[in-house]
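# Secondary and tertiary structure notes
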Amino acid sequence: MRRRWLPVCCMALLLLTWPCETALARERWWAVERIEADILLREYYKACSEGDAERARELIAMQNPYKEKMLGQWAKECGMERYDIIGLDAYQPDREESVWLIYLEYDMIVRDISVPIPGAETYALRRGEEGWEECSDSLSEEVKDAIEKIVASDGYTARIADVDRRFNEAAQACPELMEWALELIEVMQRHLTEEAAGDGDTPGGQDVADSTDGSGTEDTSVGAWRYTVEQGDCLWDIARKELGSGLCWTEIYEKNRDVIGEDSDLIYTGTELWIPR
């Protein structure tokens, strides 16, 4: 009788341990994905530092079709030498969709600028059928809500504010930095106009009237469109989303100084800002 029960006991033990083994396998898989996303982004910025847009696109398919050129070739026209990654953190807002929210912080080294230029980017990435891709525009509402909670958290916004503070300190230490930033904006806008000639698109690839998911309204008299500040926004993030580079935040600030006031770090949810074309 005991021998007859042995197979039954073994099967029961297997069924009990199988969910644990499956969960452990998933944890290992997620850990591997997290490491892979980290390595890929570092390699992506290395390729941009070398001006190799083709290699960068092979690593990660970004939603902005000009992203690699903006970070690489066009920035190199203005003296960019390389990006030094100084921090990279990964968050997993939803494990079912295998989406990774990556916060990346860097120092840009520029020829003839005596100080490193701080910067930060946020990416929503996942592994697609043809490789890793940026996916912020194709997420479910549940995942978008989860990401918004992460980005609006005190710790996350404090990190963005710290980048803004370090950028301001760098600009004070090296007055040439602001001249360089304006030059970079002009170069990028010139290239974007050439690349998107006839498309009627903004740098982010959206029509001006729809550039802020329905909240954008074109101001044809001054060549700008309106953006409504959302929870967790800062000028750096708004500039990155609307103009393609966080370095353009000063241009937004100057155009809205009368609304924002003297503290560029203090903007309120619901405030309407004009985004220069």
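Residues numbered from 1 in each chain as written. Predicted model: local features only at pLDDT ≥ 70, side-chain atom pairs only at ≥ 80, totals over all residues. Heavy atoms only, no water.

## Details of the overall build of the protein chain
Keep this limit in mind: Each helix is a run of H or I in the DSSP string that is no shorter than four residues. Each strand is a run of E no shorter than two, and both are numbered from the N terminus. Relative accessibility thresholds used throughout: buried, under 20% of the residue-type maximum; exposed, over 50%; partly exposed, between the two (1.4 Å probe, protein chains only). Between two residues, a contact is recorded if the distance between any of their heavy atoms is within 4.5 Å. Residue burial considers only the protein chains on display, and all accessible areas are found by Shrake-Rupley using a 1.4 Å probe.
When helices and strands are counted, the protein chain shows 10 helices and seven strands. Counting only residues that meet the buried cut, the protein chain has 45% of its 277 residues in that class. Of the contacts formed within the protein chain by residues at least 6 apart in sequence, a portion of 58% connects residues at least 24 apart. Carbon and sulfur atoms make up 51% of the accessible area of the protein chain, which amounts to about 14,900 Å² in all.

## Focus on the pattern of salt bridges
Keep this limit in mind: The rule for a salt bridge is simple: a side-chain nitrogen of Lys or Arg has to be within 4 Å of a carboxyl oxygen of Asp or Glu.
As enumerated under the stated definition, the model contains 20 salt bridges in all. Taking the shortest distance from any N to any O, the salt bridge between Arg-165 and Asp-162 comes out at 2.4 Å. Separated by three residues within a single helix, Arg-165 and Asp-162 lie in helix H6 (residues 154-173), roughly one turn from each other. Its relative accessible area of 37% is what places Arg-165 among the partly exposed residues. The exposure class of Asp-162 is partly exposed, given its relative accessible area of 28%. When the shortest N-O distance is used, the salt bridge between Glu-272 and Arg-226 registers 3.4 Å. Note that Glu-272 is positioned in strand E7 (residues 272-276) and Arg-226 in strand E6 (residues 224-228), a separation of 46 residues in sequence. Its relative accessible area of 40% is what places Glu-272 among the partly exposed residues. Residue classification places Arg-226 among the partly exposed positions, given a relative accessible area of 24%. Taken together, the shared-partner salt bridges connect Glu-105, Asp-107, Asp-162, Arg-165, Arg-166 and Glu-169 into one network.

## Some remarks on empty space enclosed by the protein
To be explicit about the condition: A cavity here means a set of 1 Å grid points, computed over protein atoms only, where a 1.4 Å probe fits but cannot escape. A pocket is an open set with protein on both sides within 12 Å along at least 5 of 7 lines, and lining residues have an atom within 4 Å of a point. Grid points are joined across faces, edges and corners, and a volume is the space filled by probe spheres set on the points.
By the definition in use, this model includes three cavities of 30 Å³ or more. Quantified by volume, the largest cavity comes out at close to 90 Å³. Lining the largest cavity are 14 residues, and of these Met-70, Leu-71, Tyr-83, Met-188 and Ser-245 lie nearest its centre. Residue contributions to the lining of the largest cavity peak at three residues, all from helix H3 (residues 67-71).

## Looking at the environment of Ile-238
Topologically, Ile-238 is positioned in helix H8 (residues 235-243). C-alpha of Ile-238 to C-alpha of Ile-252: the two residues are 14 residues apart in sequence and 8.6 Å apart in space. When residues no more than four places from it in sequence are discounted, the contact partners of Ile-238 are Tyr-227, Val-229, Asp-233, Leu-243, Ile-252, Ile-267, Leu-273 and Ile-275.

## Examining the packing of aromatic side chains
What counts here: For Phe, Tyr and Trp, rings pair up if their centres lie within 6.5 Å, where Trp contributes its six-membered ring, and each pair is then called stacked (planes under 30 degrees apart), edge-to-face (over 60) or tilted (otherwise).
This structure, assessed with the given rule, holds eight aromatic pairs. Ring geometry for Tyr-44 and Tyr-45: centres 5.8 Å apart, planes at 65 degrees, overall edge-to-face. Considered together, Tyr-44 and Tyr-45 belong to a single accessibility category, that of buried residues. Linked through ring pairs, Tyr-44, Tyr-45, Tyr-83 and Tyr-106 together constitute an aromatic cluster.

## A word on the sheet that holds strand E4 (residues 131-134)
Note the threshold: In this description, strands pair whenever DSSP reports at least two bridges between them. Comment: axis = line fitted to C-alpha atoms, over the contacting stretch for helices; angle = value between 0 and 180 degrees taken between N-to-C directions.
Strand order across the open sheet formed by four strands is E1-E2-E3-E4, with antiparallel pairing between neighbours. What marks the edges here is a single partner per strand, and that holds for strand E1 (80-94) and E4. Between one strand and the next, the sheet's axes are offset by a mean angle of 35 degrees, whatever the strand orientation. Looking at chain direction, E1 and strand E2 (residues 99-110) are connected through 11 bridges and run antiparallel. Looking across to E2, one finds that Met-80 is bridged to Val-110. Docked against the sheet, H6 engages E1, E2 and strand E3 (117-128), running at close to 145 degrees with respect to E3.

## Comments concerning the side chain of Ser-49
For clarity, the cut-off: Side-chain atoms alone can form a polar contact between residues adjacent in sequence; in general such a contact is a pair of N or O atoms within 3.5 Å, and within protein one must be able to donate a hydrogen while the other accepts it.
Relative to the elements of secondary structure, Ser-49 occurs in helix H1 (residues 2-49). Given the relative accessible area of 9%, Ser-49 is considered buried. Separated by 2.9 Å, the side chain of Ser-49 and the backbone nitrogen of Tyr-83 make a polar contact.

## Concerning helix H5 (residues 141-151)
Rules: By definition, the arc is the one covered by directions from the helix axis to the C-beta atoms.
Looking only at H5, the buried set comprises Val-143, Ala-146, Ile-147, Ile-150 and Val-151. One face of H5 carries all of its buried residues, which in axial projection span an arc of 135 degrees. Along H5, exposed side chains directed more than 90 degrees from the buried face belong to Glu-141, Glu-142, Glu-148 and Lys-149. If you follow the buried residues of H5, they end up packed against E1, E2, E3 and H6.

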